[in-house]
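Listed here are the chains, written in short residue letters.
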Amino acid sequence: MADKSSDKSELDPEADRQQLAEKAKQQLQRGRLTAFSDRLTGGPVRNEDQKVSRSPAVLLLTGTTVVCFLLAGIFWFINQRNVEERLLKDAQTFLEQQKYLDAEARFVQFIAQYPKTESTAAARIGLHRTRVEKFILTDTPDVIKGMAEFKELESECRELPGFNELQDTLRRYTDRLAYAGAVVAEITQSEEALAVSREALELLQRYTPDGVPASRLQRLTERQRVAEGAIARKQTFQATSEKISSLLQAGDTAGAIRTREELIQRFPSLAEDKDVLKMLTDILNREKELVVRTDLARDAIPGDPALEQLPALTPALRTQAASDLTSQNRFVVSFGRDSCWSVDADTGDPRWRRVIGAGAPFAPLPVDGSRKGVLVYSTQFEQLQMLAEDTGEVLWRQSLEARPSAPPAIAAGTIFITTQNNELWQVAADSGRALAKLKFPQPVTGPPAFSSDGQFMIIPGDQIMVYTISLNPFGCLAASRIPHGPGSVRVPIASAGRYFLMCDNQTTAKARIQTLQLESSGKLTEIAENPVDGQVQDPMLLRGYELFVPSTPQRVTAVRVSDE
């Protein structure tokens, strides 16, 4: 039965017409979306003829994906644009805040990420501005590198958009380079920095069409003139330093001192310069090195030279105030003609006489020792001799190799005497044994003055220098620069407690007394100066707090000496 009904429906033409009519009606009722879908799918097809790529679901997914990609691209572009603007703005903000290291890093990063965008030109200009400012807009500008970066800014950015808007900035840069270059040149005495300043001033005038204001131009040129003077001073200093080095090598410390003083006279501001002060230290150290000690350990010469000669008599005139005077056993030693005499202080009776020759460099000097004696210098034998105070016999004699230049000084049983060979001898008073000698690079004016503690001696040189001599060990402790001209010190230094008084003749009518203080290092410093009328040719005399200074012509000046 079923097969029959099925065959009937397939053969029923009316049923087929109804189905086609129904499909036609449905197609007329479909919307635009269905029509569009049909176009894509090719319309209704039989099941066995359908394709997966034309499936509505697949096409919908494909369309959705395309739309998502388009939206993602739009959002990515917008985001990248914001990142670019933000990175450039951050770099420019760091530049404005003068955080040059951060600004340079951001500009470099920007150019690396966006080498060819509309903002690249601004980034390149910002990068070169940063490199200029980090060298010139600081407390310690490097004007040489700053000028190099400025030239780089000009060459690299001249053709970039926005460069013409930098004219005010470029004027500010060139003004800064011109001023800072002159200041740096003055401080460092750099010719290169001064050249940068001059070049920057020319650029400033080029970038200022209306002309640099007269007041500013004058200030910049004045700073450059000051820098020129500083550079000339440096060149003179270098030449002076080389000259002083050669003089010290030759041992001419006096010439080195004069050369240094000429430099200070030309440039007074150098007086306190550390390098110029070091020059003086080097000179004084070299002067100290030139004072050479020689150990002698030479015994006195035995024998009495008078026994080697024929005996002789010398008539002597004797006067006496009264015939009834009696001797009180007081004897004085004096010098007359070519002999040393010991006479009774009351009656004038001679006790003994010793021929020592004419023209002795100092008067007989009493010496206390194991046996009282009288120290003399025999010009007859060119020897230092010690005579017995009671008999006049020679206790010892010693050759000094040159005539004494001043009376000796005696301390702690030791004789210190200067000679015309620029030497200071150390001789034992009891035995006459020559212990040591110091050789000075210039003549010295003896006798030396002793410090209050008896540990040091002070002796002036012929010019400029005053030497501090230590007694134990015997040697030059320090050389000090105390201004005085050649041969101006004619009298020995006087010791006054913790001070030393040195008198030097400045002119034919004027002298001065310099008060010197001894430091623990042995260095002497001048703490006071007092003028004296006339020239001082005779030793000063200190009595208590009064210093008596004889001067020409027939004048004595009294000076009050105190520790205050």
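Just so you know, these numbers come straight off a predicted model, no measurement behind them.

Peer 1: Teacher, can you tell me more about the pairing of strand E22 (residues 546-551) here?
Peer 2: Along a regular strand, successive side chains alternate from one face of the sheet to the other. Here E22 shows a buried face lined by Leu547, Val549 and Ser551 and an unburied face lined by Glu546, Phe548 and Pro550. As defined by bridge partners, strand E21 (residues 541-543) adjoins E22 across three bridges and the pair is classed as antiparallel. Looking at the pairing, Leu542 lines up with Leu547 of E22. Taking the residues that link successive antiparallel strands as the turn, the E21-E22 hairpin has two residues, and the phi of Gly544 there is positive, at about 65°. Pairing geometry for E22 and strand E23 (residues 555-560), over six bridges, is antiparallel. Following the sheet pairing, Ser551 is matched in E23 by Arg555.

Peer 1: Can you help me understand the packing of aromatic side chains in this one?
Peer 2: Each pair of aromatic rings is reported with the distance of its centres and the angle of its planes. Evaluated as defined, the whole model comprises five aromatic pairs. The interplanar angle of 55° and the centroid separation of 4.9 Å between the aromatic rings of Phe440 and Tyr467 together place this pair among those described as tilted. Pair noted here: Phe440 is in the loop between strand E12 (434-439) and strand E13 (449-450) and Tyr467 is in strand E15 (residues 465-471), with a separation of 27 residues, a long-range link. In this structure, Phe440 and Tyr467 share a single accessibility class: buried. Among the aromatic residues, ring-to-ring pairing joins Phe416, Phe450 and Phe474 into one connected group. The ring of Tyr207 has Arg206 lying over it, and the distance from NZ or CZ to the ring centre is 5.1 Å. A cation sits over an aromatic face here: Arg351 above Phe331, 3.6 Å from the ring centre.

Peer 1: Help me understand the pattern of salt bridges in this model?
Peer 2: Side-chain pairing between opposite charges can occur once the charged atoms of the two side chains come close. Within this structure, the stated rule accounts for 28 salt bridges. With a closest N to O distance of 2.3 Å, Asp299 and Arg433 form a salt bridge. Remark: Arg433 occurs in the loop between strand E11 (423-428) and E12 and Asp299 occurs in the loop between strand E1 (292-298) and strand E2 (331-336); sequence separation between them is 134 residues. A relative accessible area of 29% means that Arg433 is categorised as partly exposed. Put simply, Arg371 and Glu393 hold a salt bridge, and the shortest N to O gap is 3.0 Å. With a gap of 22 residues between them, Arg371 in the loop between strand E5 (365-367) and strand E6 (373-378) and Glu393 in the loop between strand E7 (383-388) and strand E8 (394-398) connect regions that are remote in the sequence. For Arg371, a relative accessible area of 37% corresponds to the partly exposed category. Exposure remark for Glu393: the relative accessible area of 34% places this residue in the partly exposed category. If you follow the salt bridges from partner to partner, you end up with Arg298, Glu401, Glu423 and Lys437 in one network.

About the criteria used
Residues numbered from 1 in each chain as written. Predicted model: local features only at pLDDT ≥ 70, side-chain atom pairs only at ≥ 80, totals over all residues. Heavy atoms only, no water. Buried < 20%, exposed > 50% of the residue type's maximum accessible area, 1.4 Å probe, protein only. Helix = DSSP H or I, 4+ residues; strand = E, 2+ residues; numbered from the N terminus. Pairing = 2+ DSSP bridges. Phe/Tyr/Trp six-rings, centres within 6.5 Å; stacked < 30°, edge-to-face > 60°. Lys NZ or Arg CZ within 6 Å of the ring centre and 35° of its normal. Salt bridge = Lys/Arg side-chain N within 4 Å of Asp/Glu carboxyl O.

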